[in-house]
Amino acid sequence: MTQAADTDISQQLDKLTSVIERIDSNLQELRLETRTFQARTDERFNSVDQRFNSLTQQITDLDKSLNKRIDSLEQRSNGQETRFWGLVAILATTLLGVIGKVVFFPIDKV
């Protein structure tokens, strides 16, 4: 009976050892998969980060370009406004000259 019990215990220990070995190999596979997943995730985050930095640079460049265009439009607007008020001043001076000529030098007294 002792030999049968020893054999039974030995078989159970062998089974337990094989189960532990399978668990260990599964754990190793899981660790490998986890490392692979982590590497892929890091790769994707780096890719997203690079795209984000590129997009940020494009937005900054676009902002600079828009600011230049707005400044150019403001300069044009200021130039046109100056020309308009210059024309108004010339017309007002001409009108005052014509009125002054008519008032101070009437045509009927010749």
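**Student:** Is there a simple way to explain the overall build of the protein in this structure?
**Tutor:** A tally of regular secondary structure across the protein gives 1 helix and 0 strands. Taking 2.2 N^0.38 as the reference for a compact globule, 110 residues should give roughly 13 Å; the C-alpha atoms of the protein span a radius of gyration of 47 Å, well beyond that estimate. Taking the principal axes of the C-alpha coordinates as reference, the protein spans close to 160 × 15 × 10 Å. Buried residues in the protein amount to 1% of all 110 residues. Working note: accessible area of the protein is about 10,600 Å², and carbon and sulfur atoms make up 61% of it. Each charge class in the protein can be summarised by its mean position, and for the 14 positive and 16 negative side chains these summaries are 17 Å apart.

**Student:** What's the story with a nonpolar patch on the surface in this structure? I'm lost.
**Tutor:** A surface patch of nonpolar side chains, about 580 Å² in accessible area, is lined by Leu95, Ile99, Val103, Phe104 and Phe105. Looking at the element boundaries, Ile99 is found in helix α1 (residues 2-104).

The rules behind these values
- Residues numbered from 1 in each chain as written.
- Predicted model: local features only at pLDDT ≥ 70, side-chain atom pairs only at ≥ 80, totals over all residues.
- Heavy atoms only, no water.
- Helix = DSSP H or I, 4+ residues; strand = E, 2+ residues; numbered from the N terminus.
- Rg over C-alpha atoms; globule rule 2.2 N^0.38 Å.
- Buried < 20%, exposed > 50% of the residue type's maximum accessible area, 1.4 Å probe, protein only.
- Areas by Shrake-Rupley, 256 points an atom, 1.4 Å probe, with all protein chains shown as cover.
- Lys, Arg positive; Asp, Glu negative; His and termini not counted.
- Charge placed at Lys NZ, Arg CZ, Asp CG, Glu CD.
- Patch = residues over 30% accessible without salt bridge, like charges linked within 9 Å, V, L, I, M, F, W, Y side chains within 5 Å.
- Salt bridge = Lys/Arg side-chain N within 4 Å of Asp/Glu carboxyl O.

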